[in-house]
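A look at the structure
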Amino acid sequence: MAEIRSGELTSRENIKLMMEGKLNPDIVNSLRRMAIKEEDRFWKYVDILQEKTGFKERILLRLSDHLYIVAKGDERIVKCDCGYEFGDYRINWKLGSLVRARKTTEEMKEAYTFLPKEMPHPEEGLVEIREFYCPGCLAQLAVELVPPGYPVVFEMFPDLDTFYRDWMGQPLPDENPEWFQDKTLEEISHWDIE
Ligand SMILES: [Zn+2]
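Residues numbered from 1 in each chain as written. Predicted model: local features only at pLDDT ≥ 70, side-chain atom pairs only at ≥ 80, totals over all residues.

Once that is clear, we can look at the overall build of the protein chain. Of regular secondary structure, the protein chain possesses seven helices and seven strands. Shown N-terminal to C-terminal, the secondary structure of the protein chain runs as helices and strands in the order α-α-α-α-β-β-β-β-β-α-β-β-α-α. For 194 residues, the compact-globule estimate of 2.2 N^0.38 gives 16 Å, and the C-alpha radius of gyration of the protein chain, at 20 Å, exceeds that figure by more than 25%. Reported as C-alpha extents along the three principal axes, the dimensions of the protein chain are approximately 60 × 45 × 30 Å. Counting the 194 residues in the protein chain, one finds 13% classified as buried. Taking all contacts inside the protein chain whose residues are at least 6 apart in sequence as the whole, residues at least 24 apart take part in 42%. (Helix = DSSP H or I, 4+ residues; strand = E, 2+ residues; numbered from the N terminus. Rg over C-alpha atoms; globule rule 2.2 N^0.38 Å. Buried ≥ 20, exposed ≤ 12 C-beta atoms within 10 Å, placed from the backbone. Contact = placed C-beta atoms within 7 Å.)

Pasting the structure below:
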């Protein structure tokens, strides 16, 4: 096999194929093993996401298969690829989703069809399964298995300013320590008042 220069490895085309799971595994391995990763890899990645979603707002980070943090006006919001907006990214987006909680053994067994009958299943009263869906497109966005009454898990709350400033060397234009403040409890406290 001809030697491939690293610049060719991280071509926009290769990154796009990798994101779609279509890149030759040998090339994926070479990419993973590169001692020094090209600095523009992230920017190419975001550029491809921007094209894929068609969002007019700047994508700051991808959170999951469907969810993105985007800069909208003077806000940083969570947005689904269907266009549905969850609002301020500092508030756990799950609070604005559709939730289905499986609490009984029967309900939980429905989600464990892949397990043989004799295998132990989650036990009613000890755990519950919470499924979170997008109100816009009904895509399943997350699942958590937690003890009943456990707070809704905030899976990913990135420090965007530090990431862009210290890691990418390109600070965001609206840097502010306020961005890295979890506002979830504040949001819930308003619910109590109403
Ligand atoms: Zn959606």
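Moving on, we get to the sheet that holds strand 7 (residues 140–146). The strands making up a sheet associate through hydrogen bonds between their backbones, and the pairing can be parallel or antiparallel. Strand order in the open sheet formed by three strands is 5-6-7, and the pairing between neighbours is antiparallel. In the strand order of this sheet, the two ends are held by strand 5 (98–102) and strand 7, each with one partner. Neighbour-to-neighbour, the strand axes of the sheet open up by a mean angle of 15 degrees, direction not taken into account. Inspection of the sheet shows strand 6 (residues 128–133) paired to strand 7 by six bridges, in the antiparallel sense. Along strand 7, the bridge assignment pairs arginine 130 with glutamate 144. (Pairing = 2+ DSSP bridges. Axes fitted to C-alpha atoms, helices over the stretch in contact; angles between N-to-C directions.)

By size, the foremost hydrophobic cluster in this structure holds 15 residues, and its most contacted members are Leu63, Leu67, Tyr68, Ile69, Ile77, Val78 and Leu141. Only strand 2 (67–72), strand 3 (75–80) and strand 7 provide two or more residues apiece to this core. The contacts of leucine 67, once residues within four sequence positions are left out, are Val78, Cys80, Trp93 and Leu141. (Core = buried A, V, L, I, M, F, W, Y, C linked by C-beta atoms within 7 Å.)

A word on the domain arrangement of the protein chain. Assigned domains of the protein chain: these are domain 1 (1–54) and domain 2 (92–188). Its C-alpha centre places domain 1 at a distance of 29 Å from the equivalent point of domain 2. (Domains from an automatic or database assignment.)

The phi dihedral of leucine 138 falls on the positive side, at around 65 degrees, and the residue is not glycine. Among the structural elements, leucine 138 can be located in the loop between strand 6 and strand 7. Given 10 C-beta atoms within 10 Å, leucine 138 falls into the exposed group.

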